[in-house]
Each structure stands twice: as structure tokens, then as C-alpha cells.
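So the chains spell out like this:
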Amino acid sequence: MRRTQFLVPAAFLIALGVAIAAIVVPTEIQQPGTQPGEVGNLETPDKCDNCHGGYNRAVEPAFNWRGSMMANAGRDPIFWATLAVAEQDFDGAGDLCIRCHSTGGWYAGRSTPTDGSGLAVGDADGVECDACHKMTNPDNSEHWGVMNPPFLASNEQSPATGYYGSGMLSLWGGNEKLGPYSDAAARHQSMQSRFHRSVDFCGSCHDVSNPAVGDLAHNNGKQPTGDPVIASGVLGSSITAKAAFNNFPYKYGVVERTYSEHKSGLLSQTLVSSYGSLPTDLKAGAIKAAYEAALGNYKDGTPRYFSCQTCHLRATTGQGCNKTGVPVRTDLPLHDMTGGNYWMPDAILYQNSQGLLRLGGGLTTVQIDALKAGQSRAKQQLNWAASLSMSGNTLKVTNLTGHKLITGYPEGRRMWLNIKWYDAGNALLRDDGAYGTISANIDGTPTNVKTILNLADPNTKIYEAHYAMTQEWANQLLGLGYSASLALSYDRVTGAVSYTLGQLAAQAPGTHHETFHFVLNNYVAKDNRIPPYGMSYDEAGKRNALPVPASQYGTPSSGGAYRHYDELTLNPPSGAAYAEIRLLYQPTSWEYIQFLHLANNRQNAFLANEGTNLLQAWLNTGMAEPYVMASTTWGTPPAPSCTTAGAPQNLTASSGRRSVTLNWSAGSPAPSGGYRIYYVQAGKLQFRAGVPAGTTTYKDTGLSRGVQYCYQATAWSDCNGNATLDAGVDTESAASNQACATAQ
């Protein structure tokens, strides 16, 4: 358990601007839940791999988990670059970051010093297997995890309601691994946990609140409609008086609200078996894929809702481990856990190749393959997240997820509409939401970087959340000893400081300034992300998850609900004959990369280069090139210059010795590029191999005996004639039928 003495001196290092990471976590950062050193039997994921990996990459837990951002949270270059600035802004804040980005390191007591310099090599695996498979419901309604007063992660009522958010986990202290099955045939000790099928399970990490701002800031970092917060308001006061110990985490310090967005919507209350009752426009994308994978309740009869798990750990058919006698389950949770961050694998692999990963370098071939597979899954997830449709001059953007579109950590993430208008002669008239090159000053050198060219274009719709600091909070910080010259923002071209803390403090009361200082931000200045289906105004207001301004998407009031789509009236230029409309997503913008580079004052030797290292990764991996989530057209566009090949026909699979042989026939038209073979993953496709256009057979070798493998194939057309499948240029067919066989 954490000791609480000597916290006031450590906390006051913040005001003194000392560039040494905290060795005692400030009371403003401490939170309830199991504490470091209280559970000591957490095992490395490498041990889990011995049984749960190496036998079928399409369904096995290990390979798919290793390709997720959860497994690589400790390697994440954005984490390290952001941690550097967070530690500058509030000494000791790094403990909050490490708590989720390196669970093994945090529970072992290696989060101090709070700059991450105490983490071990093995702590790079982020959210490890045992962090999830030791979790209990903090309300103690099922199993009692290890929590000691005053670190109880609940409201301590009878019955109790748990604190779900910010990594306040309650971990089981025994040797058992916890999971959803009552009939697990595990070789280790196991115990059934109903909590593992609850959305509250995922909410334990996927609502993130800032306890420091929640306790100290004049508005507690909540939205104006949020409920009052119990807080001390005093730097260094006892933890028992702090906001984190007296309030549900959704009440203060808004950072992320993915879980609250979901809880506020109707999908979290809709049974999968009630799919037919959903509005027609929602029977598509991620919702349809989740339904087709699960179809109804869990196989043991437990009701299945459109939960986080139903979408991000979709039901698949397979074995959970490589041991004989293990049942083949038709509701095996695919440990996909994929969001939309398709760029981070590139950044990790680049830093790995350059020896620049702050933690977790020297990736194995399996880890590299897993990251690439995870990147592909992320792109497929984005294609499922939204749909576009036209009616006259009205464009409809529909949210096909269970949370806001987009969601998660908001800094640098954006989705926008790129509309290219053409005349009858195919000449470009206007490019709304154009993404292209600007020349920016990077450390004195003019450098070409890519970004949205005109962020203020009235014809450009950008969906994003912008956080800020208020004038009142700026004055509080000055009173705590923060420098008036603290840079809040930078010019995206020159790199010059464009606004300071002192300037903000001199503004009129009730005003704010947008910044990327997430540890200091206490105000949501903008949030026009599209709400999920049926998002309740009242529930979202309680959870500080309302759109900003709240008068969007149907302008509901108390008792009402937001629309799950956006409708825009397009503004065609004179002479327009047609338009190509694309919904683009970018996980990490130039503006955020620039901030993390410039805001790092390099006074912490361990983190001094992380902003620069992230910048180099971004510059050398395509600058997080925006991904096309959905597309449509307006008017009458010309016929495409490159024909899409027909899907392969009559795919069959036959088993052989540690192998499966596939055969198919060409569709019409036949492909000019070739065929691509995929493993089937509960609706997603994991690339296995490619064969030339004239080949209609493939033998998959090196397989595990007695394991079933399922496949689909596609055909692709080489539109630019370079013998390589180029996204956005070449075309790929729909998938073939599915064929399965068991390797002998």
C-alpha cells in the first residue's frame, strides 16, 4: 500500500518547477483501487503465450493481443512524448499515465520516479494479461479484490457502486485467473467472473479523468452542467479530502469519456438479439459485424448486449489455448481489442528499427507480425465506424459505433470531410477540407509537413474535441508559482510561441484558451463529435460527456436524446457537375506533434529526446497519412478508369499434413493484380499471402495439427501497373465465400 506521509513537500515541487521526477506520488495524483505492491503474483505475458499462442493466429488470444495498442501501451511513442510534458506541467503526474500504460510496472511499484525511468524492460507490454484476468468488480458484488482503506474504489454505500475509470482496478489476490466461463479447461487455476462481460469492466480504463485538475481547479475540470464535486482545493492536502476519493471519476477532470459515451447511449441497453429493432441506418458497419459474429446471447444463456466486448472482442469460433481436450467454442472472445489507431504500429516499428523505443525495443518477428496485423484490423474497424449517404444537397454522416464518432484520447485526433468539386470537364473547382503540404520551421530548418491546409474554411467540417484552460485556472496556477511565460500554443508554421499562461490570466473572466497541456486543461472548448445512438442528454450531462456546445445533433433537453448522425447542406461551387466525398480520419496531427516537440524543455534527461524522437517517427512514416473511412459522390461522376475485379468464386479448403490447400475460380472480370488470401476473424480479415493473377490455388503450411483454419480470398486490380497493391489507387474485390479445414 502507498504511504501518504511527506506528500506535501513532494507536491510543492510542482510550484518550484523542479525538473526531477517525483519519487513520492503527490496526493493530487493518487487514486483508489489496488495499490503498488499489494498483489505480487502477476505473471508476464510471455508465460501466457506458452498456452495461448503459437497455434492459430486468426483466433488465438496471444497473437491478436500483441497487435493491439493495449499490448504496446508501454512502447507507444506518443505516451512517452506526452509523459515528458505532463511531468513538466505537474511533477508526479506521470504516475497517472504509467498506471494504465504499464500495469505490470505500476503494480510492482516501478512507477516512481514518475518519469518512467524506474520501469523494467519487461514493463513494455502495456496492459498485460493478468491486469485484465485478475480484475474484480470494485463494488465487491462478486469477488473481493485487494483494496485497503482509504483506497476503496467505490462509493462505499450498501450496495456499493464502483468507481469505473482512470485505471482504478481492484485486483484479485489469489492465484486464479478470472474469465467469463464456468467450464474453463485451463491448466492453471481459474475462476468464473461475470464482471468480464460487463461494460463496466472496460470502463475501468476507458473513462479517463484528471484527479489533479479535478481537485484543484476552480471548476474541477467538469462541464458547466456537471454535478458539484467534493474536493479539497488545496495543494498537498490529505488524500481523503481529494476529488478522486470522494466522487465518481466521471464527475471531474474530463480527459476521455468513451465509456460514459457508451453508457449514455441506447446500444449499451440493447440486446444483440434485438438487432432487428434498430433503425435501418444502424444495421451496418460495426453494429452489423458485431451482430453477425454473436447473433444472440452467450452460449451459456447469459444475455449479450451491444457492449464494448461484443464489438471489440467479437465472438469467434476456435480454441482458447493449444492444449488437447480444450473445447472449441463458438463464442470465444477474439482478443482483437482494436480501435482506430492505424499509425501507431508504424511509429513503434520505426523507432524499433532505429533503436529509439524508450521501452520495449528489440521486437521479435512475432511481435512485428502482430503489429502489422493489428494495423490492418484498425483500418477495417474504421471502415465499419461510419457511413455516408446523399439526398439532394444533404449529406448524412452516420455513427455506426457505440460511442462518439470519433472517441478516445482527443489530442491530435480528427475526422473530417474532404469534398472535391469538379466541372463537366473534370477540372477541379474547389477542394474542401484539403490536406496537403505546408512549409514549417522545425528547429530552424524549413520542412515540408502535411496537414489540413485551411482549418478555418467555412466549407470544411472537422469533427474533433478541443480542450482548454480557463482564465480563472490560469490565475490559480500563477498563484502556485507557475511561470507566466509557460507556452500554451505555438504557431504551426513558424513554431513561435503564440500564447502564454500570463496572457490567458490577463483575459476577461469566463474566457479560455485552447492548449494541448492535457494535465493542466480544465475546460472542454469544443466537442462536435457525432453522438452514439440514443445518447441521453441527462446521462451524458451527468457524466460530463455532452457535445460542446450542447445545442447540436437535435438540440435535446432534459429527457431527450441526441441524433446519431450529422446532416450537412453542401455548398456546390458554380459550375459543379459532380463531387467526390471522403470521410477522413487522422490519429495524430502535425499540430499535436509540433506541440510535443516544442513543449519539451529537455530538463528531464530521461525524457529529453522523446518529443524529437516522436517527430522523427511521424516525419518518416507518412506523417500519419489520413485514412478514408467512407466515401460517396454528389452529382454524376464519370465511370471509374480502373475496373474492380469480381470476387473469387467457389473457394474450397482441403486439409493436409500441417497444411490446408485452397482452390477457387476467377470471378468476372478477372483481376489484373492477383489474389489475396486471408484468415477470417469474426468479420475481419487477417492477411496471409498473395498469389499472381493467373494462380487460383494456395497451400498454407506450417499449421498446427487438429486446429481448424478458415479463409476468404479477394482479387485486386493493378490500376497503376506497378505490381503492388496501393491503397487508394488500386481496387480490391469483395471477399469470396468462407472455406474452412482442419490441419492434420
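It should be noted that the structure appears before, not after, this text.
Since we're looking at a predicted model, the values are computed, not measured. (Residues numbered from 1 in each chain as written. Predicted model: local features only at pLDDT ≥ 70, side-chain atom pairs only at ≥ 80, totals over all residues. Heavy atoms only, no water.)

(A) Highlighting the environment of Asp 566. Among the secondary structure elements, Asp 566 is positioned in strand 21 (residues 565-569). Sequence separation of Asp 566 and Pro 531 is 35 residues, and the distance between their C-alpha atoms is 9.1 Å. Not counting residues up to four positions away in its chain, the partners in contact with Asp 566 are Leu 395, Lys 396, Val 397, Lys 461, Tyr 463, Ile 530 and Tyr 553. A polar contact is formed between the side chain of Asp 566 and the side chain of Tyr 463, at a distance of 2.6 Å. (Helix = DSSP H or I, 4+ residues; strand = E, 2+ residues; numbered from the N terminus. Contact = heavy atoms within 4.5 Å. Polar contact = N/O pair within 3.5 Å; in protein donor to acceptor, adjacent residues only side chain to side chain.)

(B) How the structure looks around the state of the cysteines. On inspection of all chains with the given rule, the structure shows two disulfides. Across the disulfide from Cys 710 sits Cys 740; the S-S distance is 2.1 Å. A torsion of 110 degrees about the S-S bond marks the disulfide between Cys 710 and Cys 740 as right-handed. With Cys 710 in strand 29 (residues 708-717) and Cys 740 in strand 31 (residues 739-742), the pair connects residues that are 30 residues apart, well separated along the chain. Residue Cys 710 is classed as buried on the basis of its relative accessible area of 17%. When the bonded cysteines of the protein chain are counted from the start of the sequence, the pairing works out to 1-3, 2-4. Here Cys 51 is not disulfide-linked; the sulfur of Cys 321 is the nearest cysteine sulfur, at 5.9 Å. Classification of Cys 51 as partly exposed rests on a relative accessible area of 22%. (Disulfide = S-S within 2.5 Å. Buried < 20%, exposed > 50% of the residue type's maximum accessible area, 1.4 Å probe, protein only.)

(C) Examining the pattern of salt bridges more closely. For the coordinates displayed, the defined rule picks out 35 salt bridges. For Arg 197, the salt bridge identified is with Asp 300, shortest N-O distance 3.0 Å. Here Asp 300 lies in the loop between helix 11 (285-294) and helix 12 (308-312) and Arg 197 lies in the loop between strand 4 (190-192) and helix 8 (199-206), a separation of 103 residues in the sequence. What makes Arg 197 buried here is its relative accessible area of 15%. Judged by relative accessible area, which is 44%, Asp 300 ranks as partly exposed. Among the charged side chains, a salt-bridge network with shared partners connects Asp 46, Asp 49, Arg 66, Arg 75 and Asp 125. (Salt bridge = Lys/Arg side-chain N within 4 Å of Asp/Glu carboxyl O.)

(D) Here's a closer look at the environment of Ser 551. If you trace the backbone, Ser 551 turns up in the loop between helix 17 (537-542) and strand 21. Measuring from C-alpha to C-alpha, the distance between Ser 551 and Ser 273 comes to 33 Å, with 278 residues separating the pair along the chain.

(E) Summary view of empty space enclosed by the protein. What the rule picks out here adds up to six cavities of 30 Å³ or more. Taken as a whole, the largest cavity holds about 70 Å³ of empty space. Forming the walls of the largest cavity are 15 residues, and the residues nearest its centre are Val 254, Arg 257, Tyr 467, Asp 527 and Arg 529. Looking at the lining of the largest cavity, the elements that each hand over two or more residues are strand 6 (254-257) and strand 20 (523-527). Among the elements that make up the lining of the largest cavity, the one with the highest residue count is strand 6 (four residues). In terms of residue class, the lining of the largest cavity is made up of six nonpolar, three polar and six charged. (1 Å grid on protein atoms, 1.4 Å probe; cavity = no way out; pocket = protein on both sides within 12 Å on 5 of 7 lines; lining within 4 Å. Points joined across faces, edges and corners; volume = space filled by probe spheres on them. Nonpolar A, V, L, I, M, F, W, Y, C, P; charged D, E, K, R; others polar.)

(F) Here's a closer look at the packing of helix 13 (residues 344-354) against helix 14 (residues 365-385). Two elements in contact, helix 13 and helix 14, have axes whose closest approach is 9 Å; the angle formed by their N-to-C orientations is 155 degrees. What the angle tells us is that helix 13 and helix 14 run roughly antiparallel. The interaxial crossing formed by helix 13 with helix 14 has left-handed handedness. Residues Pro 345, Asp 346, Ile 348 and Leu 349 of helix 13 form the contact with helix 14, whose participating residues are Ile 368, Leu 371, Lys 372 and Gln 375. Counted by class, the contact of helix 13 with helix 14 contains five nonpolar, one polar and two charged residues. (Axes fitted to C-alpha atoms, helices over the stretch in contact; angles between N-to-C directions. Parallel < 35°, antiparallel > 145°, perpendicular 65-115°, else oblique. Left-handed = near helix turned anticlockwise from the far one by under 90°.)

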